[in-house]
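Residue-level structure breakdown
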Amino acid sequence: MIYTVTFNPSVDYVVRLKEFEMGALNRSSDTAKYTGGKGINVSRILNELGVETTALGFVGGFTGDFIESTLSKSGIKNDFLRVEGDTRINVKLKTDEETEINGAGPIITDDDLAKLEDQLKSLNESDHVVFAGSVPSNHKDVYEFLSSLLHERNIGFSIDTEGQKLVSTLKYHPYLIKPNDVELEEIVGCKLSTQEERINACRELLAQGASNVLLTLGSGGALFVNTDTVYHMPSPPGTLKNSVGAGDSTVAGFIGKKGSGLEAQLRYAVASGSATAFNDDLAKRADIERLVGKIELQSIEEVK
Ligand SMILES: Nc1ncnc2c1ncn2[C@@H]1O[C@H](COP(=O)(O)OP(=O)(O)O)[C@@H](O)[C@H]1O
Ligand SMILES: O=P(O)(O)OC[C@H]1O[C@](O)(COP(=O)(O)O)[C@@H](O)[C@@H]1O
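Below you will find a few notes about this structure. (Residues numbered from 1 in each chain as written. Chains lettered and ligands numbered in written order. Predicted model: local features only at pLDDT ≥ 70, side-chain atom pairs only at ≥ 80, totals over all residues. Heavy atoms only, no water.)

**Structural notes on unusual backbone geometry**
For Asn 154, which is not a glycine, the phi torsion comes out positive at approximately 60°. By secondary structure assignment, the location of Asn 154 is in the loop between α4 (142-152) and β10 (156-160). Residue Asn 154 is classed as exposed on the basis of its relative accessible area of 52%. The backbone of His 173 shows a phi angle near 60°, a positive value even though the residue is not glycine. Tracing the chain through its elements places His 173 in the loop between α5 (163-167) and β11 (176-177). Judged by its relative accessible area of 44%, His 173 is partly exposed. (Helix = DSSP H or I, 4+ residues; strand = E, 2+ residues; numbered from the N terminus. Buried < 20%, exposed > 50% of the residue type's maximum accessible area, 1.4 Å probe, protein only.)

**Here we look at a negative patch on the surface**
Residues Glu 19, Glu 21, Asp 96 and Glu 97 make up a contiguous surface patch of negative charge. Here Glu 19 lies in the loop between β2 (10-16) and β3 (30-36). Assessed through its relative accessible area of 68%, Glu 19 is described here as exposed. (Patch = residues over 30% accessible without salt bridge, like charges linked within 9 Å, V, L, I, M, F, W, Y side chains within 5 Å. Areas by Shrake-Rupley, 256 points an atom, 1.4 Å probe, with all protein chains shown as cover. Salt bridge = Lys/Arg side-chain N within 4 Å of Asp/Glu carboxyl O. Lys, Arg positive; Asp, Glu negative; His and termini not counted. Charge placed at Lys NZ, Arg CZ, Asp CG, Glu CD.)

**A closer look at the environment of Glu 263**
Here Glu 263 shows up in helix α9 (residues 262-277). Between the C-alpha atoms of Glu 263 and Tyr 231, which are 32 residues apart in sequence, the distance is 9.5 Å. Residues in contact with Glu 263, not counting those within four places in the same chain, are Tyr 231 and Leu 297. Within the local environment of Glu 263, its side chain forms a polar contact with the side chain of Tyr 231, the two groups lying 3.0 Å apart. (Contact = heavy atoms within 4.5 Å. Polar contact = N/O pair within 3.5 Å; in protein donor to acceptor, adjacent residues only side chain to side chain.)

**Concerning helix α6 (residues 181-188)**
Among the residues of α6, those classed as buried are Asp 181, Glu 183, Leu 184 and Glu 185. Along its buried surface, α6 packs onto β10, α7 (195-207) and β12 (212-216). A side-chain oxygen of the first residue of α6 lies 3.2 Å from the backbone nitrogen of Val 182; this N-cap is Asn 180. One or two steps after α6, the chain reaches Gly 189, where phi turns positive at roughly 75°.

By themselves, these are just geometric observations and shouldn't be taken as functional.
See below:
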């Protein structure tokens, strides 16, 4: 079973308008509400791909009810812990560009956290855990602590988060990490302009303990680096509709095809990411399958 952990789920409120004028009354041409949060998005795509998944994490209030009921209606197993306060609403503004405002999310108490710890302690070695997204400010070190707990129990995990929250888990050997370009630059502390610089930056994270690094590059596709191989996968052609959740879909494609061989994992990763970018909501299975055959794997040997 693949468990996803979303500390900070969201209702993603997508607002479309032709133009946005600061300080004026703007009227939207269209709005939509989606269940969001990085781990939840991973579970949604895993479910599309027919992979068994359970979404864990913390929800609260009327927005939390929306998330639980929407997932359950879609047949996605979930076992959220209820917290005081409302799950956040993240605003995704679509004009000719994409602007996001993500909320901070409710406080999670030590008691809440202890319950999640108990859930993770009940998993076994055949399970895999995906930690994804932001964490409340009163638990900045929580990923490091939970990764060590899984590592002690020989349970594999992957993680998609930013900065020190990610770096602090590398010593426990995550199976997959998936920074984007901006996140990788922030971690290594310098601008990355060439493919070689990006590959070397990914290798720094491998040296610190990650097993596989999948660096996503938006419309530029993705770069995969582990100790044996380097691949670049350009994005397939298509029209961008809404890139929210594209990175999470990439994670799901890679992990969902675990056991099918690296090349299949990479094709599904990029196909899932791009299929979501080409959709209003997250991709459906048929959208992903349509793109899989179009994903080109370019092996990069010369910079090894
Ligand atoms: N404009 C786009 N056109 C095609 N594919 C895209 C586009 N934006 C994102 N993707 C796909 O989604 C993946 C993840 O996107 P990215 O924006 O890098 O992640 P994140 O959402 O984590 O920042 C990319 O590797 C690519 O496959
Ligand atoms: O927890 P964070 O970092 O604030 O991110 C939450 C946001 O990320 C998303 O999961 C989308 O993530 P990606 O676009 O990186 O795939 C949204 O659904 C959600 O609003």
